[in-house]
Each structure stands twice: as C-alpha cells, then as structure tokens.
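Architecture at a glance
The residues making up each chain are set out below.
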Amino acid sequence: MKFFIDTANLDQIKEAQDMGILDGVTTNPSLMAKEGITGHDNIMKHYVDICNIVDGDVSAEVISTDVEGMIKEGEALAELHEQIVVKLPMIKDGVKACKYFSSKGIKTNVTLVFSAGQALLAAKAGATYVSPFLGRLDDISTDGLNLISEIRHIYDNYGFETQILSASVRHTMHVIDCAKIGSDVMTGPLSSIEGLLKHPLTDIGLAKFLADYKKGN
Ligand code: G3P
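This structure is a prediction, so every number in the text was calculated from the model and none was measured.

1. A closer look at the overall build of the protein
Within the protein one finds 11 helices and eight strands. If you line up the protein on its principal axes, its C-alpha atoms span 70 × 40 × 30 Å. By the burial criterion, 47% of the 217 residues in the protein qualify as buried. By sequence separation, contacts in the protein at least 24 residues apart represent 56% of the contacts at least 6 residues apart. Carbon and sulfur atoms provide 55% of the accessible area of the protein, an area that totals close to 11,100 Å². With 20 positive and 29 negative side-chain charges, the protein shows a spacing of 3 Å between the two charge centroids.

2. As for the pairing of strand β7 (residues 163-166)
Across two bridges, the pairing between strand β6 (residues 129-132) and β7 is parallel. Looking at β7, one finds that Tyr129 is bridged to Gln163. Note that β7 and strand β8 (residues 185-188) share two bridges and pair parallel. Its bridge partner being in β8, Leu165 is matched across the sheet by Val185. Note that the unit made of β7, helix α9 (residues 172-181) and β8 has a crossover that is right-handed.

3. Brief notes about the nonpolar core
Within the largest apolar cluster, 54 residues are counted, with the highest numbers of intra-cluster contacts made by Ile13, Val25 and Leu88. In contact with Val25, other than residues within four places in its own chain, are Phe4, Ile5, Thr7, Ile13, Ile50, Val54, Asp57, Val58 and Ser59. Residues Phe4, Val85, Tyr129 and Val185 belong to the second largest nonpolar core, which totals five residues.

4. Some points on the sheet that holds β8
Read around the closed barrel, the eight strands follow the order β1-β2-β3-β4-β5-β6-β7-β8; overall the barrel is parallel. On average, adjacent strands in this sheet sit at an angle of 30° to one another, irrespective of strand direction. Taken together, the three bridges between strand β5 (residues 108-113) and β6 define a ladder with parallel strand orientation. The residue bridging Val110 from the neighbouring strand is Val130, located in β6. Strands β5, β6 and β7 of the sheet are contacted by helix α8 (residues 144-158), whose axis makes an angle of about 175° with β7.

5. Quick notes on the environment of Gln118
Residue placement: Gln118 occurs in helix α6 (residues 116-124). C-alpha separation for the pair Gln118 and Thr187, spaced 69 residues apart in sequence, amounts to 19 Å. Excluding anything up to four places from it in sequence, Gln118 contacts Met90, Leu112 and Val113.

6. Quick look at helix α11 (residues 200-215)
Given a rise of 1.5 Å per residue, 16 residues ought to cover 22 Å, and the 23 Å separating the end C-alpha atoms of α11 matches this to within 8%. Among the 16 residues in α11, zero count as buried, and that is only a small part of the element.

Parameters and conventions
Counting restarts for each chain: residues are numbered from 1 in the order of the written sequence. A pLDDT threshold of at least 70 governs which residues receive local features in this predicted model, and a stricter bar of 80 or more applies before side-chain atom pairs are shown or counted, although totals over entire chains, interfaces and linings include all residues. Excluding hydrogens and water, the side-chain values take into account all heavy atoms of the structure. A run of H or I in DSSP counts as a helix once it spans at least four residues, and a run of E counts as a strand once it spans at least two, with each numbered from the N terminus. Residue burial is assigned from relative accessible area. The probe radius is 1.4 Å, only protein chains are included, and a residue is buried under 20% of its type maximum, exposed over 50%, and partly exposed in between. Note on contacts: a residue pair is in contact if any heavy atoms of the two residues lie within 4.5 Å. Note on areas: Shrake-Rupley, 1.4 Å probe, and residue coverage restricted to the protein chains presented here. As used throughout, the charge tally considers Lys and Arg to be positive and Asp and Glu to be negative, leaving His and the chain termini uncounted. Charged side chains are reduced to one point each, which is NZ for Lys, CZ for Arg, CG for Asp and CD for Glu. For two strands to be treated as a pair, DSSP must find no fewer than two bridges joining them. The handedness of a crossover follows from its direction of travel: if, with the strands pointing away from the viewer, the path from the first strand over the helix to the second runs clockwise, the crossover is right-handed. Joining through side-chain atoms within 4.5 Å is the link that ties buried Ala, Val, Leu, Ile, Met, Phe, Trp, Tyr and Cys residues into a set, and such a set is a nonpolar core. Axis angles are defined between N-to-C directions and span 0 to 180 degrees, where every axis is a line fitted to C-alpha atoms and, for a helix, only to the segment in contact. Helix span, as expected, comes to 1.5 Å for every residue beyond the first.

Now the structure itself:
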C-alpha cells in the first residue's frame, strides 16, 4: 500500500519523506488555508515546493465547478510539475473533466467520494485515483471502512485500474484496516503513520538489549 501524507505543511512532508516511506502527498483548499497559504500565485508556488520535497504524486485540487473552468485550471496545475495529479470533485462536471484529462494522459484524483456508485463513475471516467473519505463517514455513524471494501470488491470484479486512495484517514488503525482491505493508497496525517512505529515491547526490549550490552563492556 502506498503512503501519502494529507497535509500542506512542508515540515511534516519533509519528516515523512526523511523516513523513506512516503509515496506522495494530497492537499486540498482547506489544508492550504490551514498553513496560511492563500492567493493563486502563493498556492501554485507551494505545490512546486511540495513536489520538490517528495518523489511521488502530489494532488492539487481545482476550485472551479464547471467543466471548462476545471480543464483550464487542471491544465495549468499539470504544467507546474510532472508530479502533479489534478484533483477533481465528484460532481457531473468533475466526471466530464476526469474523462478529458484521462484521455490526455494527465493523472487525476476524484475527491469527495462517499458512495460505491460515485467510485464506479470515477473508474468509468478513467480516474487515476479515487478518494473515498472514510473518516467523514465515520463522523456521521456510517462505516467508512465498509465503503473501502465495497469499492475494492467492485473494482476487482471488473479489473478497473483506478487506484483506491483511502482518504480522511484519521488514525493508525484506519491505516492498518485499509491495508487489510487492500486499499492501493492511504492518505493521512503524519501522526497516523508514526503510530505504526509504536509498541511498548519494542521499547522495553531495546532498553534491555542496551542495558545488557553495557554490562559486558
Ligand atoms: O484527504 C481528505 C482529507 O483532507 C479530509 O480529511 O480529516 O478533513 O475529513 P478530514
């Protein structure tokens, strides 16, 4: 499973990259605003800064809601850097724009996906990635992981190549559960990745090894 980090924070991106386990980055307008990155030119520069830190795909989201606007914006984003993936909302015009970009060989990520039907449409439109938001479903008493399983099942039935990018991952168990289901990618905060490191028996065992080494030296 590929690990993407879901942030526009350059320090956190660098930290994940330095661990050697990072496969890409996802951003959205809310994550940009959280880092105080506002205004078209600053946002475009920030995408390039992110691409210069990581080796993999970097999702950059359009803010237009009509197909013409999405195509214009998406083309400008794709021009910025070869690692940019054009992120499009799951609305009718987003599906049309996805089809346009996939026919041109430009990578896409269809976002704000909350149902298996929406994921099916994204795959039909040739999306590179589909982003089901599992945490936001959990927030409203709906099983987000069940949606990931449904999409996995449907895509496997037909051999769709669209990669399931489990998004709105909130914690480490989401990461492990996504891996069990067979999600192609997960995107979450740095804390969800760092949580994978933790086990008290590792800490206890290491402390004992080091103490025993000291006894003999
Ligand atoms: O990748 C999608 C993500 O940014 C949404 O996460 O935690 O705001 O639901 P969250």
